[in-house]
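Structural overview
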Amino acid sequence: MPIHDQGYRRYGGDKTRGGTGWIVITRAGIRTFFAKRAFLGLLLVSWFPFFVRAVQIYAATNLPQAAFLAPTPETFRQFLDQQQIFVFFVTVYVGAGLIANDRRANALQIYLSKPLTRAEYVFGKLAILMAFLALVTWLPAIVLLIVQISFAGNFTFFKNNIFLFPAITVFSFVQVTMVATAMLALSSLSKSSRYVGILYAAVIFFTQAIYGVLYAVTRSTSLSWISFSANLSQIGDVIFRQPLKYDTPWPVSLMMIAGLIVISGVILERRVRGVEVVA
Amino acid sequence: MTEGDPVVTLENVSVAYGKHLALRDVTSSFSSGAVGLLGPNGAGKSTMIKALLGFIVPERGRMRVLGVDVAESPLEIRARVGYMPESDAHIPGMNAVSFVAYCGELAGLPGVDAMQRAHEVLFYVGLGEARYRNVETYSTGMKQRIKLAQALVHDPDLLFLDEPTNGMDPKGRDEMLELVRDLAHNKGVNLILSSHLLPDVEYTCDQVVVMDKGAIAAAGPIAALKQPRGRVYELRVKTPTGGIEAFLQRLRAAGLDCHATDEDVMRVFVPGEGGARELFALASAERVQVRHLRPSVPTLEDVFAHAVGEE
């Protein structure tokens, strides 16, 4: 006679109502990536520029000889620009497989057979990538601002540049949203994460290369709207109140970014389904 | 929904993939307990299940699951049903217990309860010892079991099992059928078992809905469908060379239903009271020797063959 019956038992506990499934997806996704040593290494390296900047701020505030290193709003703008390379690597590492791997393993029908909407699924996946991207953009920039206040021992710089906190937040949000939605849309197009990574790199470098060729021919920066990196840079300069690098009007750049996000949304709406219908 | 009400109802449901009509104006109901959804490949069984889950929106018609309208409250339905898909499906990069617990959490269980139930259902489906292995390393049979586990973890009121014995070896298949039967008959879980395998449905289910070419061909309790409205015989004959076709045509023209089985024996359904006498008369008229004639009990196979017009 068995001591404990390991048969099936009915469940008598409570179940949460719908709407929280995306949190489960995001939590599990974040946990999965934090368990990977290679990814932790990438995160660590992505914070290296932060430490360099922190040393710069320390020197500027404590050593009179290094006063020329004193931070300006441009310092923060440049810092976020430098982080773009890590944004690229994190996007490819985390984002390429987010939906592609689920499609390869037919996991979508598992997800969508649970009380979970397609929007919740997409939002859950998007939140994974956005959280990690915020970890290499928004978080170090904000901590850098706090470091400046701490080393200076006063709020003078912060008060004089009060727009920096919202500027860092808004620019990071625009950058992270654009990159994450584009990558997620590409991830939904294939079952191979490797292929998605290559495709993403191709889109980024191809648009930049086309702009480079056109610039070489026309000697004008008014066609910079072709490049997504240039559009982002243009918006960044507007947000940080810096001189614009390109002749393209910033609303055009903003429209291009918004257009990319909308197109990504449309692709996700079509591709994330519980059943693949080939009519 | 009260006890005794059907767990699933469909009213004039049509589903199309482009120009191809996968479900044609289907009206049916599935009572509580274990119901088999039987039909050949391409009959529309999986399409029906996917429509009931809200994966596919029908061209027209109305569906209710557990008394809830599919079009109005698909999430409420999905919280109360479990779905075991036909194809291999898992969440990549997870071991079995994490995968099943994750599915439980997605279905609304608190984290601790989901993990506890994941362990329980994995033992129940026979994967207790392999629960810390990555699902991607599982054999086909184990993958079938884990699909059942993820469908069960949140204790659904209704289970949709789409070809649960696909790709399993005979021993694994028997064990899977035993689990399905236990769930339906001892654990009080309503289930709809989609299969093209008659023995699977006959062993596990009390009722059957037979589908063919996107329409319902027959439905009802298996026992009632097997009730003879005539007589069934096993028949082996010797005919002049090439004469068997003529004899079969003669049988069909006389309203007798016949289809071949293994070992050169055909099963002949004789409606009405004519019985063996009618068979002998027809054989005599065609100059066919009856070598073997034995009354038989109607099987689900007869019901199925009769319903889908199989020869």
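Every value quoted in this text rests on a predicted model; they were computed, and no experiment measured them.

On to the overall build of chain B, then. Within chain B one finds 11 helices and 14 strands. By its C-alpha atoms, chain B is 75 × 45 × 40 Å across when sized along the principal axes. Taken over 311 residues, chain B has a buried fraction of 45%. Considering only intrachain contacts with a sequence separation of at least 6, the fraction spanning at least 24 residues in chain B is 68%.

Moving on to the packing of helix α11 (residues 193–218) of chain A against helix α12 (residues 228–239) of chain A. Packed helix pairs are specified by the crossing angle of their axes together with the interaxial distance, meaning the distance between the axes. Residues and elements named next belong to chain A. Contact geometry of α11 with α12 gives a least axis separation of 7 Å together with a crossing angle of 80 degrees. In terms of orientation, α11 and α12 fall into the roughly perpendicular class. Packed against α11, whose contacting residues are Ile204, Thr207, Gln208 and Tyr211, the element α12 presents Phe228, Ser229 and Ala230 at the interface. Class assignment of the residues belonging to the contact of α11 with α12 gives a composition of four nonpolar, three polar and no charged.

Attention shifts here to the environment of A:Gly265. All names here are of chain A. Following the sequence through the fold, Gly265 ends up in helix α13 (residues 250–271). Judged by the 15 C-beta atoms lying within 10 Å of it, Gly265 is partly exposed. C-alpha separation for the pair Gly265 and Ile149, spaced 116 residues apart in sequence, amounts to 40 Å.

This paragraph deals with the interface of chain A and chain B. Listed as interface residues are 32 residues of chain A and, on the opposing side, 38 residues of chain B. At the level of elements, α1 (21–34), α5 (84–104) and α6 (108–111) of chain A are the ones that each hand at least two residues to the side of chain A that touches chain B. Here the side of chain A that touches chain B takes four residues from α1(A), the largest share from any one element. Considering only residue class, the side of chain A that touches chain B consists of 14 nonpolar, 13 polar and five charged.

Turning our attention to the domain arrangement of chain B. Residues and elements named next belong to chain B. Taken as a whole, chain B is organised into domain 1 (8–221) and domain 2 (230–308). Taking only C-alpha atoms, the centre of domain 1 and the centre of domain 2 are 38 Å apart. Mapped by element, the contributors of at least two residues to the side of domain 1 that touches domain 2 are α7 (198–204), β9 (207–212) and β10 (215–221). Class assignment of the residues belonging to the side of domain 1 that touches domain 2 gives a composition of eight nonpolar, no polar and two charged.

Residue and element names in this part refer to chain B. The antiparallel open sheet is built from four strands, whose spatial order is β2-β1-β4-β5. Whereas interior strands pair on both sides, the edge strands pair on one side only; in this sheet they are β2 (20–30) and β5 (68–69). Inspection of the sheet shows strand β1 (residues 8–17) paired to β2 by seven bridges, in the antiparallel sense. Looking across to β2, one finds that Val8 is bridged to Phe30.

Residues and elements named next belong to chain A. With respect to the helices, strands and loops of the structure, Phe171 is situated in helix α10 (residues 164–187). Under the C-beta neighbour-count criterion, Phe171 is labelled buried, with 23 such atoms within 10 Å. When the C-alpha atoms of Phe171 and Phe240 are compared, they prove to be 8.4 Å apart, with 69 residues separating the residues in sequence. Leaving out residues up to four positions away in the same chain, Phe171 has contacts with Leu80, Gly236, Ile239 and Phe240.

About the criteria used
Residues numbered from 1 in each chain as written. Chains lettered and ligands numbered in written order. Predicted model: local features only at pLDDT ≥ 70, side-chain atom pairs only at ≥ 80, totals over all residues. Helix = DSSP H or I, 4+ residues; strand = E, 2+ residues; numbered from the N terminus. Buried ≥ 20, exposed ≤ 12 C-beta atoms within 10 Å, placed from the backbone. Contact = placed C-beta atoms within 7 Å. Axes fitted to C-alpha atoms, helices over the stretch in contact; angles between N-to-C directions. Parallel < 35°, antiparallel > 145°, perpendicular 65-115°, else oblique. Nonpolar A, V, L, I, M, F, W, Y, C, P; charged D, E, K, R; others polar. Domains from an automatic or database assignment. Pairing = 2+ DSSP bridges.

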